[in-house]
Amino acid sequence: MEQTFKNIPNEYKIDELLHQNTYLVDGELKEWKGKKSNVFSTISSTKEYQPTLLGTVPDLSEEVGLEALKSAEKAYDRGQGLWPTMKVADRIAAMEKFVSQMKTKREQVVKLLMWEIGKSLPDSQKEFDRTVEYIYDTIEDYKKMDRTSAKFEKNSGVYAHIRRGPLGVVFCLGPYNYPLNETFTLLIPALIMGNTAIFKPAKHGVLLLAPLLEAFQNSFPAGVVNIIFGRGRTLATPIMKTGKVDVLALIGNSKSANTIQENHPNKNRLRLVLGLEAKNPAIILPDADLDLTINECIIGTTSFNGQRCTALKVVYVHEAIVDEFNKRFSAKVDTLKFGNPWESGVLLTPLPEPNKPAYIQELIDDATSKGAKIINKNGGKTTENFIFPAVLYPVSKEMRVFDEEQFGPVIPILSFKDIQEPLNDMAESNYGQQVSVFGSDVKTLAPLIDTLVNLVCRVNLNSSCQRGPDVYPFTGRKDSAVATLSVYDALRSFSIRTFVASKDSAYNNKILQELLDTKSSNFINTDYIL
Ligand code: G3H
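Anyway, here's the lowdown on the structure attached to this text.

What counts, and at which threshold
Residues numbered from 1 in each chain as written. Predicted model: local features only at pLDDT ≥ 70, side-chain atom pairs only at ≥ 80, totals over all residues. Heavy atoms only, no water. Helix = DSSP H or I, 4+ residues; strand = E, 2+ residues; numbered from the N terminus. Rg over C-alpha atoms; globule rule 2.2 N^0.38 Å. Buried < 20%, exposed > 50% of the residue type's maximum accessible area, 1.4 Å probe, protein only. Contact = heavy atoms within 4.5 Å. Areas by Shrake-Rupley, 256 points an atom, 1.4 Å probe, with all protein chains shown as cover. Near = heavy atom within 4 Å. Polar contact = N/O pair within 3.5 Å; in protein donor to acceptor, adjacent residues only side chain to side chain. Nonpolar A, V, L, I, M, F, W, Y, C, P; charged D, E, K, R; others polar. Phe/Tyr/Trp six-rings, centres within 6.5 Å; stacked < 30°, edge-to-face > 60°. Lys NZ or Arg CZ within 6 Å of the ring centre and 35° of its normal. Pairing = 2+ DSSP bridges. Salt bridge = Lys/Arg side-chain N within 4 Å of Asp/Glu carboxyl O. Axes fitted to C-alpha atoms, helices over the stretch in contact; angles between N-to-C directions. Parallel < 35°, antiparallel > 145°, perpendicular 65-115°, else oblique. Left-handed = near helix turned anticlockwise from the far one by under 90°.

1. Here we look at the overall build of the protein chain
Then, in step 1: Within the protein chain, the secondary structure is distributed over 17 helices and 25 strands.
Then, in step 2: The C-alpha radius of gyration computed for the protein chain amounts to 25 Å, which stays within 12% of the reference 24 Å derived for 530 residues, consistent with globular compactness.
Then, in step 3: Projected onto the principal axes, the alpha-carbon positions of the protein chain cover approximately 80 × 60 × 40 Å.
Then, in step 4: Counting all 530 residues of the protein chain, 55% fall into the buried class.
Then, in step 5: Looking at the protein chain alone, contacts between residues at least 24 apart form 74% of all its contacts between residues at least 6 apart.
Then, in step 6: A total accessible area of about 22400 Å² is found for the protein chain, and carbon and sulfur atoms account for 50% of it.

2. Considerations on the site of the ligand
Then, in step 1: Neighbouring residues of the ligand: Arg 130, Asn 177, Tyr 178, Glu 182, Arg 308, Cys 309, Thr 310, Gln 466, Arg 467 and Phe 474.
Then, in step 2: Backbone polar atom of Cys 309 to an oxygen atom of the ligand: 2.7 Å apart, as the coordinates give it.
Then, in step 3: Here the ligand loses 95% of its free accessible area of 310 Å² to cover by the protein chains.
Then, in step 4: Residues that form the shell around the ligand fall into these classes: three nonpolar, three polar and four charged.

3. Points about helix 8 (residues 232-241)
One full turn of an α-helix is made of 3.6 residues, so residues set three or four places apart face in the same direction.
Then, in step 1: Every buried residue of helix 8 is accounted for by Leu 235, Ala 236, Thr 237, Pro 238, Ile 239 and Met 240.
Then, in step 2: Those residues of helix 8 that are buried lie in contact with helix 1 (62-76), strand 8 (169-173), strand 9 (196-200) and helix 9 (254-262).
Then, in step 3: At the C-terminal side of helix 8, Gly 243 shows a positive phi close to 75°.

4. Section: the packing of aromatic side chains
Then, in step 1: Within this structure, the stated rule accounts for twelve aromatic pairs.
Then, in step 2: Ring centres of Phe 98 and Phe 220 lie 5.9 Å apart, and the angle between their planes is 40°; this geometry places the pair in the tilted category. You can see Phe 98 sitting in helix 3 (residues 88-103) and its partner Phe 220 sitting in the loop between helix 7 (213-219) and strand 10 (225-227), a full 122 residues away along the chain. Considered together, Phe 98 and Phe 220 belong to a single accessibility category, that of buried residues.
Then, in step 3: Plain terms: the ring middles of Tyr 176 and Phe 407 are 5.9 Å apart, the flat faces sit at 75° to each other, and that makes the pair edge-to-face. Of the two residues, Tyr 176 sits in the loop between strand 8 and helix 6 (181-192) while Phe 407 sits in the loop between helix 13 (400-403) and strand 19 (410-416), which places them 231 residues apart along the sequence. Across this residue pair, the class does not change: Tyr 176 and Phe 407 are buried.
Then, in step 4: What links up through ring pairs into an aromatic cluster is the set Trp 83, Phe 98, Phe 184, Phe 216 and Phe 220.
Then, in step 5: Over the face of the ring belonging to Trp 83 we find Arg 91, whose NZ or CZ atom lies 5.9 Å from the ring centre.

5. Re the pairing of strand 19
Then, in step 1: The buried fraction of strand 19 amounts to six of the seven residues, a majority that puts the element mostly inside the structure.
Then, in step 2: Both strand 14 (residues 312-318) and strand 19 contribute to a ladder of four bridges, which runs parallel. Paired with Val 317 across the strands is Ser 415, a residue of strand 19.

6. Notes on the pattern of salt bridges
Then, in step 1: As enumerated under the stated definition, the model contains 25 salt bridges in all.
Then, in step 2: The partner of Arg 328 in a salt bridge is Glu 324, with the nearest N and O atoms 3.3 Å apart. Of this pair, Arg 328 and Glu 324 both sit in helix 11 (residues 322-334), four residues apart, roughly one helical turn.
Then, in step 3: The class of Arg 328 is partly exposed, set by a relative accessible area of 29%.
Then, in step 4: Several salt bridges share partner residues, and in doing so they unite Arg 130, Glu 182, Arg 467 and Asp 470 into one network.

7. Remarks on the packing of helix 4 (residues 106-117) against helix 5 (residues 121-148)
In a pair of packed helices, the angle between the axes and the distance between the axes together describe the arrangement.
Then, in step 1: With their axes 9 Å apart at the nearest point, helix 4 and helix 5 run at an angle of 130° to one another. Taken together, the axes of helix 4 and helix 5 lie oblique to each other. The two elements helix 4 and helix 5 cross, and the hand of that crossing is right-handed. Residue-level contacts link Arg 106, Val 109, Val 110, Leu 113 and Met 114 of helix 4 to Leu 121, Ser 124, Gln 125, Glu 127, Phe 128 and Asp 129 of helix 5.
Then, in step 2: Considering only residue class, the contact of helix 4 with helix 5 consists of six nonpolar, two polar and three charged.

8. A short note on the side chain of Asn 378
Then, in step 1: Of note, Asn 378 is situated in the loop between strand 15 (373-374) and strand 16 (382-383).
Then, in step 2: Only 3.0 Å separates the side chain of Asn 378 from the side chain of Lys 381, close enough to count as a polar contact.
Then, in step 3: Each residue touching Asn 378, except ones within four places of it in the same chain, is listed here: Asp 334 and Phe 388.

9. Notes on the packing of helix 1 against helix 8
Then, in step 1: Between helix 1 and helix 8, the shortest axis-to-axis distance is 8 Å and the interhelical angle comes to 45°. Put simply, helix 1 runs oblique to helix 8. The element helix 1 and its partner helix 8 pack so that their crossing is right-handed. Residues Glu 62, Gly 65, Leu 66 and Leu 69 of helix 1 pack against Thr 234, Leu 235, Pro 238 and Ile 239 of helix 8.
Then, in step 2: When the residues that make up the contact of helix 1 with helix 8 are grouped by side-chain class, the tally is five nonpolar, two polar and one charged.

10. Brief notes about the environment of Phe 523
Then, in step 1: Checked against the element boundaries, Phe 523 lands in the segment after helix 17 (506-518).
Then, in step 2: Exposure remark for Phe 523: the relative accessible area of 25% places this residue in the partly exposed category.
Then, in step 3: In the structure, Phe 523 is positioned 358 residues away from Gly 165 in sequence and 9.3 Å away in space, judged by C-alpha atoms.
Then, in step 4: With residues up to four places along the chain from it excluded, the contact list for Phe 523 reads His 161, Arg 163, Thr 498, Phe 499 and Val 500.

11. So, the side chain of Thr 138
Then, in step 1: Within the element layout of this structure, Thr 138 appears in helix 5.
Then, in step 2: Residue classification places Thr 138 among the buried residues on the basis of a relative accessible area of 1%.
Then, in step 3: The residues touching Thr 138, leaving out its near neighbours within four places in the chain, are Ile 188, Pro 189, Ile 192, Val 487 and Leu 491.

If you want it as structure tokens, here you go:
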């Protein structure tokens, strides 16, 4: 494997450092004069390896964190604020203004995605475009929701005008592997439903938000979106301790989600929207089409170096075909190209977390000390910022790689005789997001699918696991998720049903009619938004 340094195309060179001096609170981009943190890329710009300094971000204090919370609370104003009471059409207009400005920043954001988290150029572009599409889809779905509720119902002599209303202040924390997309799939539905938000980006993938701060500032009323930078412990702990956060929206790790929730004094007030870790298995049956299976397993285990919550993180192969699968799969893994994100055809790219290669090496050492072998030639080869995916076989339950979410390039394979073996493991696992099952015999598949759907939330038939398309429900059982995300579901996860009811009487009906005729209420309204 070569060093990652190569001639960097001019358009992707870091000519100037990006010093993010401001944070967004109360509608103002406030200058921070205190401590700053350096943002490094693990990609080297020089022949002799050294991380590249990309810029700096504020290391905000606890006081600023609390100031952001105050700002979000003020904008929500206990439900009386401009934003939560605004007409749906006006909130949509604000969102449309934001997305049209966001689109102008594509180039800058894509370049930073590559440098900050090492995502390949096509995948970085896809992350940006998918996010823009998600915003437009959310707007359309919100209009649909609004149209469906633009009516009165009558049951047992009671009229009801039922809509969905906001929950309050949302604290939003995103992951480093999709620092734009996954964060926005929380933030955008939360905002459009009338909530106000405080958003703190992850440690890696933070500078790429800098080009979007102005768009947030000038598209939404003051205090509706607050963006702060710094350490979780300094900012998140005191914010949660106030008990003023109504929704914790987090995509990341269940341990940090637990720690953050613990700080909230009013557990029943706090709603949770969480996308957490997973250990999605691939189950390969004896009659699987091996060409297709191998291709899907390559995508599933190695896309973005395995740093996806939906990645295939353990592979079960029926003993009748395990030798053939291992031979062909490991040979194919060895053909994957490693390089910098902008190099054409790269599938494997530098790991953004400096300690990740050492962690993956620990998993490999633990597995090999307990009887597994690295079955591909390149497996485990390292550079300063990468470790080539090691295909490990045979893996057993005592090995760390069997149940730790590796979130990186290492592929554990187990063989099975009886389908009950992987099913038992899945039932015992702390996770329950998705599974991929490969095979074609309907008599075997039918009962298997009927069981798998009760162990996870998406069964991928002859296909690798994935979140998209974003209109489909993204959720998980056990420690893998709380609430459901999709364009449709997220609008519901960030809102609550609330309604106006009145007994059918001439007196009440006259008032309702007048409310409708004068259009003086933003809630009691039967107008259609097309
Ligand atoms: O990190 C988890 C992501 O939700 C995965 O999304 O399946 O589209 O890569 P993806």
